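# Residue-level structural notes
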Amino acid sequence: MAARCVMQSARTVLRSVQSDLSNKGLFQSILGFSQFSFLGSVPCRGLRHVVEKKEGKTTVIEGEIEPTSERPQPPNPTAACPIYRWNLQNKYNYTDVLLLSQFIRSDGGMLPRRITGLCAQEHNKIAICVQMAHRAGLLPDHRPPLPEGYVPKPKPNPPLNRYLTRYSVTSVKPILKTGLKWCKKRMSVGHPALKNNVTYSPKPLYTKH
Amino acid sequence: MSSFSRSAQQWATFARSWFLIDARMQPPGKIASMCSVRLQGKHKPIYHPLSDIGDHVVVMNTRHIAFSGNKWEQKVYSSHTGYPGSFKQLTAAQMHKKDPTAIIKLAVYGMLPKNLTRRTMMQRLHLFPDDVLPEDILKNLTEELPQPREIPRKLSEYTQEERDTFPMLWTPPEDYKMK
């Protein structure tokens, strides 16, 4: 549909070849077409198509916001939170990177709740899963931009692999005395906010190892 | 196989096989339990603790094991030689840096039965930090065991097609920039 609009604008441009602004229109329509080659990959603002209107001696070249269509409908459209709209509550984990990447900025931070429309509990759970995914190294491209001329410290090669890390790596202290069986200091794995997640095996989720 | 002669059947039943496990991105505890089961011979229906029936196990890529939670910083390996002042405590990260095979070795040692056969079973465990194996061990390998943990895919490993088919859960407002 977007391609059709672009073709229509290109046709109007070709009809008015004599005017000076035709080259500009052609260039803009070519620009518009090159933008639409990656349709659907980064829908940050509304997609626009170029429209040229000629009234006497003035030509108005406008970018009209296109109504988004051809989107799959959520199974529960009346709910307030997007997770409840798609019935994904208690079903996602730190490994579902395709889901988590929709709620993060390009430098890895979470988007504000008032923009995404998530309810408080789900926003918290998604933030926790995003943190765990970052620590597991599943989001390699969402890193904060480093200042110019910054030389990173030499890191141990290869880095230590981890997953389901609840706490930040530098903040945790070693457990020097674990204690006896009845008062053992356990090491925490995962997060209690995700304890209601669906398990497809008879074993429960252990958060204390 | 029933077509074997009696001596050939006996030979095949009591043969010692060589298993290979890739420990990349795997929890060392799960790898160690798989190793201990096969070193004792508990995966065979002819098991008996006195008959020396365990197999060889080769673990590669022990440098790339993955601990769940914050165990790299929290788990502490303590040792005391008996002399005063020789109590050493190392975190898992420090231990791994010193010797990349030590974590799995200690885990398997703790999971084997605490008797005299434990030392012979540990001699049959072969650990390698990377995937470079010596030729004589490569020639002996019979079976590779599946990995216990499913490795999650990074965002960069998903194809553009898969990313497009995944639906957008929420529509951003028209005037919101900076994604």
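Treat the numbers as computed from the prediction; the structure is a model and nothing was measured.

Let's shift gears to the overall build of chain B. A tally of regular secondary structure across chain B gives eight helices and seven strands. Relative to its length of 179 residues, chain B is extended, with a C-alpha radius of gyration of 23 Å against a globular reference of 16 Å. In terms of principal-axis extent, the alpha carbons of chain B reach across some 80 × 65 × 30 Å. Taken over 179 residues, chain B has a buried fraction of 42%. For chain B, restricting intrachain contacts to residue pairs at least 6 apart in sequence, the fraction spanning at least 24 positions comes to 66%. Taken together, the 25 basic and 18 acidic charged side chains of chain B have centroids lying 12 Å from each other.

Moving on, we get to the state of the cysteines. Residues and elements named next belong to chain A. Inspection of the entire model under this criterion finds zero disulfides over all chains. This cysteine, C119, is not joined by any disulfide, and C81 carries the nearest cysteine sulfur, 3.4 Å off. Judged by its relative accessible area of 22%, C119 is partly exposed.

Structurally, A120 of chain A can be placed in helix α6 (residues 120–136). Taking the C-alpha atoms as reference points, A120 of chain A and C81 of chain A, separated by 39 residues in sequence, lie 9.2 Å from one another.

Residue and element names in this part refer to chain B. At a closest axis distance of 8 Å, the pairing of helix α2 (residues 28–40) and helix α5 (residues 102–111) adopts a crossing angle of 50°. By the angle between their directions, the pair α2 and α5 is classed as oblique. Relative to α5, the crossing made by α2 is right-handed. Contacts between α2 and α5 involve P28, G29, I31, A32, S33, C35, S36, L39 and Q40 from the first element and I103, I104, A107, V108 and M111 from the second. Grouping the amino acids of the contact of α2 with α5 by side-chain chemistry returns 10 nonpolar, four polar and no charged.

What follows covers the pairing of strand β5 (residues 87–91) of chain B. As defined by bridge partners, strand β4 (residues 76–80) of chain B adjoins β5 of chain B across five bridges and the pair is classed as antiparallel. Looking at β5 of chain B, one finds that Y77 of chain B is bridged to L90 of chain B.

Attention shifts here to the interface of chain A and chain B. Across the contact, 53 residues belong to chain A and 44 residues belong to chain B. Around 4500 Å² of area is buried between chain A and chain B when both sides are counted, 64% of it from carbon and sulfur atoms. A salt bridge links E73 of chain B to R162 of chain A; the shortest N-O distance between them is 3.0 Å. Taken together, the links from chain A to chain B amount to 17 residue pairs in polar contact (both at pLDDT 80 or more).

Turning next to α2 of chain B. Residues and elements named next belong to chain B. The terminal C-alpha atoms of α2, which comprises 13 residues, lie 18 Å apart, in line with the 18 Å expected from a rise of 1.5 Å per residue. Of all the residues in α2, the buried ones are P28, I31, A32, M34, C35, S36, R38, L39 and Q40. Structurally, α2 contributes buried residues whose contacts are with β1 (18–22), β2 (56–60), β3 (66–68), α5, α6 (117–123) and β6 (125–127). Positive backbone phi, approximately 90°, marks G41, located one or two places after α2.

We now examine the sheet that holds β2 of chain B. Two pairing modes exist for strands in a sheet, parallel and antiparallel, and in both the strands are linked by backbone hydrogen bonds. Residue and element names in this part refer to chain B. What the four strands build is an open sheet, ordered β6-β2-β1-β7; its pairing is parallel. Edge positions in the sheet fall to β6 and β7 (143–144), since each has one partner strand and no second. Sheet topology places β1 next to β7; two bridges connect them, and they run parallel. The residue of β7 that forms the bridge with L20 is E144.

Residues and elements named next belong to chain B. For R118, the position within the fold is in helix α6. The side chain of R118 is buried and forms no salt bridge, while D52, the nearest opposite charge, is found at 14 Å. Within the structure, R118 has its side chain in polar contact with the backbone oxygen of Y109 (distance 2.9 Å). With residues up to four places along the chain from it excluded, the contact list for R118 reads Y109, L112 and P113.

Attention now goes to the pattern of salt bridges. Once the charged atoms of two side chains with opposite charge are near each other, the side chains can pair. Residues and elements named next belong to chain B. Considering all chains together, one arrives at 10 salt bridges over all chains under this definition. Taking the shortest distance from any N to any O, the salt bridge between R153 and E162 comes out at 2.9 Å. R153 sits in the partly exposed class, given a relative accessible area of 33%. The class of E162 is partly exposed, set by a relative accessible area of 29%. Taken together, the salt bridges that share partners define one network made up of R16, D52 and R124.

Here the focus is the confidence of the model for chain B. Model confidence for chain B is summarised by a mean pLDDT of 95, while 99% of its residues fall at 70 or above. Listed scores for the predicted complex are pTM 0.79 and ipTM 0.91.

Each value, and the rule that gives it
Residues numbered from 1 in each chain as written. Chains lettered and ligands numbered in written order. Predicted model: local features only at pLDDT ≥ 70, side-chain atom pairs only at ≥ 80, totals over all residues. Heavy atoms only, no water. Helix = DSSP H or I, 4+ residues; strand = E, 2+ residues; numbered from the N terminus. Rg over C-alpha atoms; globule rule 2.2 N^0.38 Å. Buried < 20%, exposed > 50% of the residue type's maximum accessible area, 1.4 Å probe, protein only. Contact = heavy atoms within 4.5 Å. Lys, Arg positive; Asp, Glu negative; His and termini not counted. Charge placed at Lys NZ, Arg CZ, Asp CG, Glu CD. Disulfide = S-S within 2.5 Å. Axes fitted to C-alpha atoms, helices over the stretch in contact; angles between N-to-C directions. Parallel < 35°, antiparallel > 145°, perpendicular 65-115°, else oblique. Left-handed = near helix turned anticlockwise from the far one by under 90°. Nonpolar A, V, L, I, M, F, W, Y, C, P; charged D, E, K, R; others polar. Pairing = 2+ DSSP bridges. Buried area = accessible area lost by both parts, 1.4 Å probe. Salt bridge = Lys/Arg side-chain N within 4 Å of Asp/Glu carboxyl O. Polar contact = N/O pair within 3.5 Å; in protein donor to acceptor, adjacent residues only side chain to side chain. Expected span 1.5 Å × (residues − 1). pLDDT = per-residue confidence, 0-100.

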